[in-house]
Amino acid sequence: ENTQAWLRKEGLPHLAERVQLLHHPIPDHFIFDPATDTKTNTIIAVAQDWKNPLKGGALLAKVLLRVLETRGDYRAIIVGGASDEVRKRTLKAAPTLESQVSAIAKNGADKTQAFYANAKILITTSGSESGPLVAYEAACCGCSVVFPPELKHLNAFVAAKSGRMADWRSAHHMTRALLD
């Protein structure tokens, strides 16, 4: 609407008419309500398919291992295709973390909303995304967002004090960002 108004103001009404307005892809009920939503020390990671190397499933397993060994008061939920493989990779290195790491099969956004509402932090280890919808869904539900520097376009979360960008897309740097 702002673009249309600007085009009209600049004397370009024919261009304003060509602008298509699309609804925001996040459903209206994806909202954090402190009156009903209780945040727990939970980290959530969501991907369509953790087997996709760009999603960083192996990296996520290393980061969760380090964070959960440091912060025993936290738990992690991995959501998406092959989430059980990421969980197994984490537990292979530290079987004692079994009660702190859950894997949820790929499901729709509406089913994931309850996990976002409960979690404090979303971590994305993806090395390439246009604009990860899961980051926006989680943020609307009150999660802080931790991401690698490849996703510089998520810096708005840092500017709003609701996220942290890692210095590098590595287990060490992603762990530091998540712990921060």
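Residue numbers restart at each chain and count upward from 1, following the sequence in its written direction. Only residues with pLDDT of 70 or above have their local features reported here, since the model is predicted, and side-chain atom pairs are shown and tallied only from 80 upward, although totals for entire chains, interfaces and linings are computed over all residues. Neither water nor hydrogens contribute to the side-chain values; these are computed over all heavy atoms in the structure.

Enquirer: Describe the sheet that holds strand S5 (residues 144-147), with residues and values.
Expert: Criterion used throughout: strands pair if DSSP finds at least two bridges between them. Strands are runs of DSSP state E lasting at least 2 residues, helices are runs of H or I lasting at least 4, and numbering of each runs from the N terminus. If you walk across this open sheet you meet the six strands as S3-S2-S1-S4-S5-S6, and the pairing is parallel. Every interior strand has two partners, whereas the edge strands, strand S3 (101-104) and strand S6 (163-165), have only one. For this sheet, the mean angle separating the axes of adjacent strands, direction not counted, is 20°. As judged from the two bridges shared by strand S1 (residues 42-49) and strand S4 (residues 121-123), these two strands associate in the parallel manner. Across the sheet, the residue bridging to isoleucine 44 is leucine 122, located in S4. In this analysis, two residues are considered to be in contact whenever any of their non-hydrogen atoms come within 4.5 Å of each other. Between the N-to-C directions of two axes lies an angle of 0 to 180 degrees, each axis being a line fitted to C-alpha atoms and, for a helix, fitted only over the stretch in contact. Those strands touched by helix H4 (residues 83-93) are strand S2 (75-81) and S3, and its axis lies near 160° from that of S3. In this fold helix H5 (residues 109-118) packs onto S1, S2, S3 and S4, with an angle of close to 150° to the strand it touches most, S1.

Enquirer: Tell me about helix H6 (residues 133-140), residues and numbers included.
Expert: Because an α-helix completes one turn every 3.6 residues, residues spaced three or four positions apart along the sequence face the same direction. Here's how the labels work: a residue is buried when its accessible area is under 20% of the maximum for its type, exposed when over 50%, partly exposed in between, all with a 1.4 Å probe on protein chains only. Every buried residue of H6 is listed here: Val134, Ala135, Glu137 and Ala138. In an axial view of H6, the angular spread of the buried residues amounts to 165°, which keeps them on one side of the axis. Those residues of H6 that are buried lie in contact with S1, H5, S4, S5 and helix H7 (155-159). Taken from the residues just after H6, glycine 142 is the one with a positive phi, measuring 90°. The reported arc concerns the directions from the helix axis to the C-beta atoms and nothing else.

Enquirer: A description of the packing of aromatic side chains should follow, citing residues and the corresponding values.
Expert: Pairing of aromatic rings covers Phe, Tyr and Trp, the last through its six-membered ring, and needs centres within 6.5 Å; plane angles under 30 degrees mean stacked, over 60 mean edge-to-face, and all others mean tilted. Within this structure, the stated rule accounts for two aromatic pairs. Consider the rings of tyrosine 136 and phenylalanine 157, whose centres lie 5.8 Å apart with planes at 35°: the pair is tilted. Residue tyrosine 136 is located in helix H6, and its partner phenylalanine 157 is located in helix H7; the two are separated by 21 residues in the primary sequence. Of the residues examined, tyrosine 136 reaches a relative accessible area of 30% and is grouped as partly exposed.

Enquirer: Break down the pairing of S1 for me, citing the residues and quoting the values.
Expert: By the criterion of burial, S1 is predominantly enclosed, with six of the eight residues buried. The pairing of S1 with S2 spans seven bridges and is classified as parallel. Considered in S2, the bridge of isoleucine 43 is made with alanine 76. Orient the strands so they point away from the viewer; a crossover is then right-handed if the path from the first strand over the helix to the second runs clockwise. As for the winding sense of the linkage, the β-α-β connection from S1 through helix H3 (residues 57-70) to S2 is right-handed.

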